[in-house]
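Coordinates in review
These are the residues of each chain, in order.
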Amino acid sequence: MIKLEDIKIIRKAQQHNKGYEIVFSNNSIIWLIKRRTIIALLLLIKYQVFSEKDLTAANNRLIEIKKIIDGKYKAEWILNSYSDANKPFSELWTEEGFSCIDSAGLKGNQQYLLNPEDHELLFNTRLKSNRAQLSSNNQKKILEKQYMWFSIKSSKRY
């Protein structure tokens, strides 16, 4: 089981070309690509279950985490509250590839769960999501082809 007290440093990724690494005292590393997922993962590790309210300053969990890891990360990497509090958690699953994190509804809020027996799975390097923005020229070409395709389909109906 992972403990936040065992974190040595949270740094820019050194073993990968992008992202962040949470390095533990035994030199094991959890790799993340999105900065806002750092706090989400730390909350799950510490509390196992949480919901969006944990990132909206509705309770003191965020402050407690920041105290535990004080001096081990750049302060600007973890905010005091998050307006879109669901995003950091959902991205752990969708962007970071941590399929060991479960989600379920809880009294109108999205709830996330990380079982302590799954902590070791966080150290496995996994393929991360990579979104690429199309150039404006490519966007224009796609829109033109879509327009032509829909025009052809529409004309065949009549």
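Here is what the cut-offs are and how they apply
Residues numbered from 1 in each chain as written. Predicted model: local features only at pLDDT ≥ 70, side-chain atom pairs only at ≥ 80, totals over all residues. Heavy atoms only, no water. Helix = DSSP H or I, 4+ residues; strand = E, 2+ residues; numbered from the N terminus. Buried < 20%, exposed > 50% of the residue type's maximum accessible area, 1.4 Å probe, protein only. Contact = heavy atoms within 4.5 Å. Areas by Shrake-Rupley, 256 points an atom, 1.4 Å probe, with all protein chains shown as cover. Salt bridge = Lys/Arg side-chain N within 4 Å of Asp/Glu carboxyl O. pLDDT = per-residue confidence, 0-100. Core = buried A, V, L, I, M, F, W, Y, C linked by side-chain atoms within 4.5 Å. Arc of directions from axis to C-beta. Pairing = 2+ DSSP bridges. Axes fitted to C-alpha atoms, helices over the stretch in contact; angles between N-to-C directions. Phe/Tyr/Trp six-rings, centres within 6.5 Å; stacked < 30°, edge-to-face > 60°. Lys NZ or Arg CZ within 6 Å of the ring centre and 35° of its normal.

This part is about the overall build of the protein chain. The helix and strand inventory of the protein chain stands at four helices and six strands. Reading the helices (α) and strands (β) of the protein chain from amino to carboxyl end gives β-β-β-α-β-α-α-β-β-α. Counting the 158 residues in the protein chain, one finds 39% classified as buried. Long-range pairs, those at least 24 residues apart, make up 52% of the contacts in the protein chain between residues at least 6 apart in sequence. Split by element, the accessible area of the protein chain, about 9900 Å² in all, is 49% carbon and sulfur.

The next subject is the pattern of salt bridges. One side chain can pair with another of opposite charge once the charged atoms of both are near each other. One pass over the structure, following the stated rule, counts four salt bridges. With a closest N to O distance of 2.7 Å, Glu91 and Arg36 form a salt bridge. You can see Glu91 sitting in helix α3 (residues 86–94) and its partner Arg36 sitting in helix α1 (residues 36–47), a full 55 residues away along the chain. The closest approach of N and O atoms between Arg61 and Asp54, which form a salt bridge, is 3.3 Å.

Put simply, the protein chain has an average pLDDT of 87, and 87% of its residues get 70 or more. Put simply, strand β5 (residues 102–106) is where the protein chain has its lowest mean pLDDT, 71, and strand β1 (residues 7–12) is where it has its highest, 98.

We now examine the nonpolar core. Ranked by size, the top nonpolar core spans 37 residues in total, and within it Ile22, Ile30, Leu41, Leu42 and Ile78 carry the most contacts. Secondary-structure elements contributing two or more residues to this core are β1, β2 (20–24), β3 (29–32), α1, α2 (61–68) and α3. It is α1 that contributes the most residues to this core, nine residues altogether. In contact with Leu41, other than residues within four places in its own chain, are Ile22, Ile30, Leu32, Leu92, Ile101, Leu114 and Leu122.

Okay, α2 next. Burial in α2 covers these residues: Leu62, Ile65 and Lys66. Across the axial projection of α2, the buried residues extend over an arc of 100°, all falling on one side. Buried residues in α2 make contact with α1.

Strand order in the open sheet formed by three strands is β1-β2-β3, with antiparallel pairing between adjacent strands. One side of each edge strand has no neighbouring strand; the edge strands of this open sheet are β1 and β3. Adjacent strand axes in the sheet meet at a mean angle of 15° when their direction is disregarded. Across five bridges, β1 lies against β2 in antiparallel orientation. The residue bridging Lys12 from the neighbouring strand is Tyr20, located in β2. Contacting β1, β2 and β3, α1 crosses the sheet at an angle of about 135° to β3.

For the structure shown, the criterion picks out five aromatic pairs. With centroids separated by 5.5 Å and ring planes inclined at 75°, the aromatic side chains of Phe24 and Phe123 adopt a geometry described as edge-to-face. You can see Phe24 sitting in strand β2 and its partner Phe123 sitting in the loop between β6 (109–113) and α4 (136–156), a full 99 residues away along the chain. With respect to burial, Phe24 and Phe123 carry one shared label: buried. Put simply, the rings of Phe50, Phe89 and Tyr112 touch in pairs and so form one group of aromatic residues. Positioned over the ring face of Tyr47 is Arg61, at 4.1 Å from the centre of the ring.

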